[in-house]
Amino acid sequence: MNTLILMADASDEISSKSNEFPKYLYEISNKPLIQRILESIAEISTNVICVIKKEDQENFFLGDSLKILCPNCSVLELNGDTSGELCSALFAIEQINTNDELLIINGDRFIKQPILPTIDNFRKRNLDCGLITFRSVSPRYSSVLLDKDEKVIEVSDKKPISDHAFAGISYFKKGIDFVDCAFDSIKKDSSLMGKYYIASALNELILKSKAIGVYEILKKDYLILSDLIRINEIIRK
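Because the structure is predicted, anything quoted here is derived from the model rather than measured.

(A) Expanded view of the overall build of the protein chain. Scanning the protein chain for helices and strands turns up nine helices and 13 strands. Here the protein chain has a C-alpha radius of gyration of 17 Å; the compact-globule value for 237 residues is 18 Å, and the two agree. Principal-axis analysis of the C-alpha atoms gives the protein chain an extent of 50 × 40 × 35 Å. Residues counted as buried form 52% of the 237 residues belonging to the protein chain. Summarising the internal contacts of the protein chain: among those between residues at least 6 apart in sequence, 74% fall at separations of at least 24.

Dropping the structure here:
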């Protein structure tokens, strides 16, 4: 399985500044978040690709840290901002445009439970795509709408359409399906305020009648880094 970890997000207000280390190295119980992510996928991934900002390598040697934590991973450096996470993902096209399985993870999010049972669940259900979700109606998350058979029929960014929120971790039975749908969404200019999100590619999968399902986790088992940083800043004050 190819695992793509996106770590070049420019849209988050907790992005790196000149006097800070990259947010992905923020420690949770004395262990960097990205280390926890890498450890969680160690038993399922044969090829790990990390997409980072070139400035994070130049200023903080983020790529070097990743190589220490995962010696065989590929590190792709993006020079400047892209038009969203979908475009950042396509920088890894040479490695993910295959018939192999693909797991895409937002590098500033983490689920506090083993991921292998989730992937096995998607495989047993013979899904073309599987999404990890939790319950929330907050517009800060992508929202997933299900039909009566628990299949995904729409994914929305920023606008709640159900109480199923997307945790930022998506599985594809074939990486080539993701790449094809990513290009289709860009051709259709399916952007939100000039940014292209994974959600737009998921909607293209739906239009192709691909089977997309969800695996629900508890909200307490979902961590988003910006929340942890804000809480820590409040405590320090």
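Read on, since the account is not over.
(B) How the structure looks around empty space enclosed by the protein. Within this structure, the stated rule accounts for three cavities of 30 Å³ or more. The computed volume of the largest cavity comes to approximately 60 Å³. Listed by contribution, the elements that provide at least two residues to the lining of the largest cavity are helix H1 (33-41) and strand E7 (109-111). For the lining of the largest cavity, the leading source of residues is E7, giving three residues. Grouping the constituent residues of the lining of the largest cavity by class yields six nonpolar, two polar and one charged.

(C) View of unusual backbone geometry. Even without glycine at this site, Asp189 takes up a positive phi of about 55°. Relative to the helices and strands, Asp189 resides in the loop between helix H7 (175-187) and helix H8 (198-207).

(D) Fine view of the confidence of the model for the protein chain. Confidence in the prediction of the protein chain, expressed as mean pLDDT, is 88, and 90% of residues score 70 or more. Of all the helices and strands in the protein chain, helix H9 (residues 225-236) carries the lowest mean pLDDT, 54, while strand E12 (residues 212-216) carries the highest, 97. Segment residues 11-19: pLDDT under 50, and 16 contacts once partners within four positions in sequence are set aside and those in other chains are kept. Low pLDDT (under 50) marks residues 233-237, which in the prediction has zero contacts with non-local residues, meaning those over four places away or in another chain.

(E) The arrangement of the packing of H7 against H8 in detail. Where H7 contacts H8, the two axes come as close as 8 Å, and the packing angle between them is 105°. By the criterion of interaxial angle, the relationship of H7 to H8 is roughly perpendicular. Between H7, through Asp177, Phe178, Cys181, Ala182, Asp184 and Ser185, and H8, the contact on the second element is made entirely by Ile198, Ser200, Ala201, Glu204 and Leu205. Broken down by class, the residue content of the contact of H7 with H8 amounts to six nonpolar, two polar and three charged.

(F) Main features of the nonpolar core. Ranked by internal contacts, the top residues of the largest apolar core, which has 41 residues, are Ile5, Met7, Ile34, Leu66 and Leu103. With five residues, H1 is the single largest residue contributor to this core. Sequence-distant contacts of Met7, that is, excluding residues within four places in its chain, are made with Tyr24, Ile34, Cys50, Val51, Ile52, Lys53, Leu62, Leu66 and Gly107.

(G) Structural context of helix H6 (residues 116-124). For H6, every residue scored as buried is listed here: Thr118, Ile119 and Phe122. Viewed along the axis of H6, the buried residues span an arc of 95°, placing them on a single side of the element. Where H6 is buried, its residues touch strand E6 (102-106), strand E8 (129-135), strand E11 (164-172) and E12. Looking one or two places after H6, you find Asn126, whose phi comes out positive at around 55°.

(H) Representation of the environment of Lys53 within the structure. Considering the arrangement of structural elements, one finds Lys53 in strand E4 (residues 47-53). Taking the C-alpha atoms as reference, Lys53 lies 36 Å from Lys124; in sequence the two are 71 residues apart.

(I) Local environment of the side chain of Ser156. Mapped onto the secondary structure, Ser156 falls in strand E10 (residues 152-156). Overall, the relative accessible area of 10% leaves Ser156 in the buried class. For Ser156, the side chain forms a polar contact with the main-chain oxygen of Lys159, separated by 2.8 Å. Excluding residues within four positions of it along the chain, Ser156 makes contact with Tyr141, Ser142, Ser143 and Ile161.

Thresholds, definitions, all that
Residues numbered from 1 in each chain as written. Predicted model: local features only at pLDDT ≥ 70, side-chain atom pairs only at ≥ 80, totals over all residues. Heavy atoms only, no water. Helix = DSSP H or I, 4+ residues; strand = E, 2+ residues; numbered from the N terminus. Rg over C-alpha atoms; globule rule 2.2 N^0.38 Å. Buried < 20%, exposed > 50% of the residue type's maximum accessible area, 1.4 Å probe, protein only. Contact = heavy atoms within 4.5 Å. 1 Å grid on protein atoms, 1.4 Å probe; cavity = no way out; pocket = protein on both sides within 12 Å on 5 of 7 lines; lining within 4 Å. Points joined across faces, edges and corners; volume = space filled by probe spheres on them. Nonpolar A, V, L, I, M, F, W, Y, C, P; charged D, E, K, R; others polar. pLDDT = per-residue confidence, 0-100. Axes fitted to C-alpha atoms, helices over the stretch in contact; angles between N-to-C directions. Parallel < 35°, antiparallel > 145°, perpendicular 65-115°, else oblique. Core = buried A, V, L, I, M, F, W, Y, C linked by side-chain atoms within 4.5 Å. Arc of directions from axis to C-beta. Polar contact = N/O pair within 3.5 Å; in protein donor to acceptor, adjacent residues only side chain to side chain.

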